[in-house]
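# Examining the three-dimensional arrangement
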Amino acid sequence: MPTTGDAVTAYGWELHNDSGGSDKYYQFFAVLSPSPVMLTRHGRTGQAGQLGTNVNPADPEKVIREAVNLTRAKEKKGYYLSRDFVEFTIPADLIAPGDFKENIGDVASRFAAVTTHATLTGASPAPSAADQMESKLRSAHAAAQRKSAAPRRRTPAPAPAVSLPPVGPQTRPNGSVYQPRLLGGVEDLAFLRDARSHSENVLLSGPPGTGKTAMAEAAFAMDAVDGRHSGLETIVGTAETTAMDFLGTFVQDPVQGTFEWQPGPLMRSVVNDVPLLVDEIALIDPRELAVLYELMDGSRRELRITQNPSLDPIPVRSGWFVVGTYNPDVPGAQLSDALLSRFHHHVEVLTDWDLAADMGTPAWLVTVAKNLTERTDLGTYDGWVPQLRDAMAFVATAARFGEEFAVSSLLRKVPAQDRTEFKEVLGERHKAVVPLTLGSRAPRGRR
Ligand SMILES: Nc1ncnc2c1ncn2[C@@H]1O[C@H](COP(=O)(O)OP(=O)(O)OP(=O)(O)O)[C@@H](O)[C@H]1O
Ligand SMILES: [Mg+2]
């Protein structure tokens, strides 16, 4: 697994020329430190192109000059800027001396994943592309130098005061194995169990398919330690969820006509002294969630269900606590301050792409997802980004139907408005793949 020390900053930009009946591009990649190098790739649009000039003068000044001069020379021949200057990171070994010819395709695809096509005007804007590149390279270089000259403030990972013994991989009720992840230096599953033992409610937030539900289930579904009841109760929130969905309701027996009390997940969790997982908690009307407040903050240690007068108050014991999950970007998501403050721990859950790679996700898809995430953080992309669930679906589909089918299926999953841009970052390799579509009648098989 590459460490951050193995990553270097690269700068890239692209010129384009579609005059005179041909459609050509010229890409530039510069690395200024630790070993300055400039790579170029040029060819016909849509083709892999070839490595044109490369210099390795071991001098960042020379790299900048070479890159700017060549950009200017191309501009004079009618090329204009088609992909804007962008800073991105690449593994250092991609530009190891002697190797970069083989690796230029990988550098280019990382570049493509973090940049966007500039508006093609057909004319060089003033100042010229070369002048722009020069000033951008110089200021990026100066900023990088300032950063490396700044006294390094050592921020060692905070050593957890208590070291929690790891729980280890857990098989979830659906049979899949959960691989624990690190959370501020401790194992996530051990952390959740520890939070439970301190009655500290935990709120997990993140995009769909990053592992929020899986983490809670893995921590508690099979947890029968200390002779406790194992398992957890789950309620999945919607805008229609009511307090009665938490507590329970009277259901009429269709034959006898009598009414029977059907406990809801909150009641069952308190009775059995197990955690309550409130999935999609931000979709639930805050007024309905008030049913949880006094139990969550410990001001009341018994559950009273006034809707069923025959029920005595049920004592809330030490194994009960709440794990909430939500996706902040979902339309209608709302969390009241009163609710937020009752969660002792707030944890963001994002996809662990190294785990995804270990689980069979191809390296190119990991690169695409990481770069799209990086672009989202930079504000240069606001479209769909695959997460662990999508990667797992890809791996399973590719295993049964082949990679091309899986790419086709993935493309169909991308929201229509993001598809063109997404396809572009997939690069040359999957250029011809189209989103999965039902075709004509299949040949008749044997009956
Ligand atoms: N650490 C992990 N180890 C193994 N598999 C994992 C891990 N985390 C998540 N997964 C798998 O990734 C998929 C998505 O996880 P999960 O359903 O928990 O996502 P989520 O964050 O709850 O999504 P949503 O917000 O849509 O409910 C599941 O198939 C799950 O089994
Ligand atoms: Mg979930």
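Not measured: the values here are computed from a predicted model. (Residues numbered from 1 in each chain as written. Chains lettered and ligands numbered in written order. Predicted model: local features only at pLDDT ≥ 70, side-chain atom pairs only at ≥ 80, totals over all residues. Heavy atoms only, no water.)

On the basis of which strands lie adjacent, the open sheet formed by five strands has the order E11-E14-E17-E10-E18 and parallel pairing. Strands with a single pairing partner mark the edges of an open sheet, and in this sheet they are strand E11 (233–236) and strand E18 (345–348). Within the sheet, the average angular offset between the axes of one strand and its neighbour, ignoring direction, is 15°. Pairing between strand E10 (residues 202–205) and E18: four bridges, direction parallel. Counted as the bridge partner of Leu 203 is His 346 from E18. In this fold helix H5 (residues 212–220) packs onto E10, strand E14 (276–279) and strand E17 (322–326), with an angle of close to 160° to the strand it touches most, E17. (Pairing = 2+ DSSP bridges. Helix = DSSP H or I, 4+ residues; strand = E, 2+ residues; numbered from the N terminus. Axes fitted to C-alpha atoms, helices over the stretch in contact; angles between N-to-C directions. Contact = heavy atoms within 4.5 Å.)

On to the pattern of salt bridges. Summed over the entire model, instances satisfying the criterion amount to 16 salt bridges. For the salt bridge of Lys 370 with Asp 354, the shortest nitrogen-to-oxygen distance reads 3.8 Å. Of this pair, Lys 370 sits in helix H11 (residues 363–378) while Asp 354 sits in helix H10 (residues 353–358); the two residues are 16 residues apart in sequence, bridging distant segments of the chain. A salt bridge links Asp 390 to Lys 413; its shortest N-O distance comes to 3.2 Å. Linking Asp 390 in helix H12 (residues 388–401) with Lys 413 in helix H13 (residues 403–413), this pair joins segments that are 23 residues apart in sequence. Among the residues examined, Asp 390 registers a relative accessible area of 11% and is labelled buried. Connected through salt bridges with shared partners, the residues Glu 14, Arg 83 and Glu 424 form a single ionic network. (Salt bridge = Lys/Arg side-chain N within 4 Å of Asp/Glu carboxyl O. Buried < 20%, exposed > 50% of the residue type's maximum accessible area, 1.4 Å probe, protein only.)

What follows deals with unusual backbone geometry. Peptide bonds are trans in most cases, and residues, glycine excluded, mostly fall at negative phi. Here the residue pair Ser 33 and Pro 34 is connected by a cis peptide bond, since its omega of 5° sits within 30 degrees of zero. Of note, Pro 34 is situated in the loop between strand E2 (24–31) and strand E3 (37–44). In this structure, Ser 199 takes a positive phi of about 55° despite not being glycine. Relative to the helices and strands, Ser 199 is located in the loop between helix H4 (188–197) and E10. The phi dihedral of Glu 280 is positive, around 55°, even though this residue is not glycine. Mapping Glu 280 onto the fold places it in the loop between E14 and helix H8 (286–296).

Next up on the list: the site of ligand 1. The local shell around ligand 1 holds 18 residues, among which Arg 172, Gln 179, Gly 209, Lys 212 and Ala 214 are the closest. Within the side chain of Arg 172, one N or O atom sits 2.6 Å away from an oxygen atom of ligand 1. In isolation ligand 1 offers 630 Å² of accessible surface; the protein chains occlude 87% of this area. When residues of the shell around ligand 1 are traced back to their parent elements, those giving at least two are strand E7 (177–178), H5 and H12. The leading source of residues in the shell around ligand 1 is H5, at three residues. Of the residues belonging to the shell around ligand 1, the class tally is seven nonpolar, six polar and five charged. (Near = heavy atom within 4 Å. Polar contact = N/O pair within 3.5 Å; in protein donor to acceptor, adjacent residues only side chain to side chain. Areas by Shrake-Rupley, 256 points an atom, 1.4 Å probe, with all protein chains shown as cover. Nonpolar A, V, L, I, M, F, W, Y, C, P; charged D, E, K, R; others polar.)

Treat this as a map of the structure, not an account of what it does.
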